[in-house]
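What follows is the residue order along each chain.
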Amino acid sequence: MNDGAAGVALLGLGTIGTGVARLLTAEPARIARRAGRPVRIVGALVRDAGRPRGPFAQDVAVTTDARRLIEDERVSLVVEALGGTEPARTLVLEALAAGKDVVTANKALLAEHGVEIFGEARRLGRALAFEGSVAGGVPIVQALGVGLAANEILSISAIVNGTCNFILTSMTRDGVGYADALAEAQRLGYAEPDPTFDVDGTDAAHKLAILAQLGFGANVATSSIPRTGIDRVPAADLRYAGELGYVVKLLAQAKRTEAGLELQVAPRLVRHGTPLADVSGPYNAIRVVGDVVGDTLFYGRGAGAMPTASAVVGDIIDVVLGRAAITFRALGLWREDGVRSMPAPPAAIKSRYYVRFTIADRPGVIGAIAQALGARRISIASVIQHDPGDDAPPGSPVPLVIMTHAAVQADVAAALDEIDRLDVVHPPSICLGVED
Ligand code: HSE
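Scoring rules and cut-offs
- Residues numbered from 1 in each chain as written.
- Predicted model: local features only at pLDDT ≥ 70, side-chain atom pairs only at ≥ 80, totals over all residues.
- Heavy atoms only, no water.
- Core = buried A, V, L, I, M, F, W, Y, C linked by side-chain atoms within 4.5 Å.
- Buried < 20%, exposed > 50% of the residue type's maximum accessible area, 1.4 Å probe, protein only.
- Helix = DSSP H or I, 4+ residues; strand = E, 2+ residues; numbered from the N terminus.
- Contact = heavy atoms within 4.5 Å.
- Phe/Tyr/Trp six-rings, centres within 6.5 Å; stacked < 30°, edge-to-face > 60°.
- Domains from an automatic or database assignment.
- Buried area = accessible area lost by both parts, 1.4 Å probe.
- Salt bridge = Lys/Arg side-chain N within 4 Å of Asp/Glu carboxyl O.
- Polar contact = N/O pair within 3.5 Å; in protein donor to acceptor, adjacent residues only side chain to side chain.

**What to know about the nonpolar core**
1) Next: Core analysis: the largest hydrophobic core is formed by 83 residues, its most contacted members being F130, I140 and I156.
2) Next: Top contributing element to this core by residue count: helix 10 (residues 202-216), with 9 residues.
3) Next: Residues contacting I156, with those up to four places away along its chain left out, are L144, L211, F216, A252, Q253, A254, I286, R287 and V288.
4) Next: In this structure, L24, A44, V46 and A105 belong to the second largest nonpolar core, which totals 29 residues.

The following block contains the structure:
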């Protein structure tokens, strides 16, 4: 490029790659002004070069030859927008070995292979930027890595999966069924290629592993993060939570405690009127508490082509300016000699709980349940039982919803196990933590 432009190789022209191509080709003057020189796409790696492409992507030269593109001497920067761990891992390592800086929004790649990839980038003196990997367009990586660098982070509580938040909002607010809401999230480009990763909490766990690295320097294997997805939450519980003044959100949480770093991904009840309760649709929010700053909240669109392109192109500008290299070196993330952290045992986590039992509507049932809870020092804060109606036969099943005071997770699990075995209870009971 004889005008001094920075050349970009785009690996992938899916949702994110197309968004990046669109932004770079629609706003070249703005990007050049911010980056100090023009930024141009040299080519894009695709699986099928003959496939017709939409606006913006159709002007990009495509190839199926990854090595040739990465090694093209006009390319100084490789943007990995493939998603998943392979071939993304191999190609990122090849890009680093070829002397190229890398920008990625791939949370699975960093969460699973952070030590190897960051280690290689450091060894080879390259920069790696990854703002788009957590919460799409919300600049939480910069915030934790740079803006809050003077703090000891005490806790992070985050809505980081746009698909789940979109589904829960559609079900709660608009009465849409789970399958229809998921299909719409897929159509809008929020979901992963395999949406199981969204709804079973894996995507949020990948992002939490990255947040734990940034916020706490903890090198945590995603597989060690306890997680429950929203695919286990029946619509009825969204309604009962609403009656109690709460909304259900998939929360990814990290908290510094005396027992170690508590980490979990789970659907939890969040009280109406609190900031996280108001985060709707594909929006994400991350509440970070630091010892100096106190409470902070970062909010914005967490999924979709253009919010993620905002983060990726921000990283491209940072790399071209040379700022990303300084931040990358200073942060020293995923060090090979770093401590491999195990999360504190989830059984010790203390919280209030929402529990729904399906019980036979007979005398003494509530007493038996209260006794099993009381025997483990679990105190009941409130109870709702709906009248089954005059037409229901005696003893027919009814829902019983209980809110507990703060209790230890292991005690609650043991009590529920005992209660689910009573012959007047139809298992399984549903249990969700409560955020106060
Ligand atoms: N599938 C992800 C989500 C995309 O729904 O949040 C952004 O990482």
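**Points about the packing of aromatic side chains**
1) Next: Enumeration over the complete set of coordinates arrives at 6 aromatic pairs.
2) Next: With a centroid separation of 5.1 Å and an interplanar angle of 10 degrees, the aromatic rings of Y283 and Y299 are classed as stacked. In this pair, Y283 sits in strand 10 (residues 283-290) while Y299 sits in strand 11 (residues 294-301), placing the two residues 16 residues apart along the sequence.
3) Next: Residue class for Y283 comes out partly exposed when judged on its relative accessible area of 25%.
4) Next: For Y299, a relative accessible area of 48% puts it in the partly exposed group.
5) Next: An aromatic cluster is present here, built from F118, F130, F328 and W334 joined pairwise through their rings.

**Concerning the domain arrangement of the protein**
1) Next: Taken domain by domain, the protein holds domain 1 (6-136 + 308-336), domain 2 (140-302) and domain 3 (346-435).
2) Next: One C-alpha centre belongs to domain 2, the other to domain 3; they are set 26 Å apart.
3) Next: Each partner contributes residues to the interface: domain 2 has 22 residues there, and domain 3 has 18 residues.
4) Next: Contact between domain 2 and domain 3 buries roughly 1600 Å² in total, counting both sides, with carbon and sulfur atoms accounting for 60%.
5) Next: The interface formed by domain 2 and domain 3 includes 2 salt bridges.
6) Next: Here D237 and R356 are joined by a salt bridge, their closest N and O atoms 2.7 Å apart.
7) Next: At the boundary of domain 2 and domain 3, one finds 9 residue pairs in polar contact (both at pLDDT 80 or more).
8) Next: Those elements that provide at least two residues to the side of domain 2 that touches domain 3 are helix 11 (235-243), strand 8 (246-257) and strand 9 (260-271).

**Examining the environment of D237**
1) Next: As for its position among the elements, D237 is in helix 11.
2) Next: When the C-alpha positions of D237 and E435 are compared, they lie 15 Å apart, and in sequence the two are 198 residues distant.
3) Next: Not counting residues up to four positions away in its chain, the partners in contact with D237 are V248, Y354, R356 and I430.
4) Next: A polar side-chain atom of D237 sits 2.6 Å from a polar atom in the side chain of Y354.

**Re the pattern of salt bridges**
1) Next: In the structure shown here, the tally under the stated rule is 21 salt bridges.
2) Next: Between E152 and R256 there is a salt bridge; the shortest N-O distance is 3.1 Å. Of the two residues, E152 sits in the loop between helix 6 (140-147) and strand 7 (153-159) while R256 sits in strand 8, which places them 104 residues apart along the sequence.
3) Next: Take R256: its relative accessible area is 37%, and that puts it in the partly exposed class.
4) Next: The residue R377 makes a salt bridge to D411 at a minimum N-O spacing of 3.5 Å. Of this pair, R377 sits in the loop between helix 14 (365-374) and strand 13 (380-385) while D411 sits in helix 15 (residues 409-420), placing them 34 residues apart in sequence.
5) Next: The class for R377 is exposed, based on a relative accessible area of 65%.
6) Next: Residues joined in a network through salt bridges with shared partners are K107, E192, D203 and K207.

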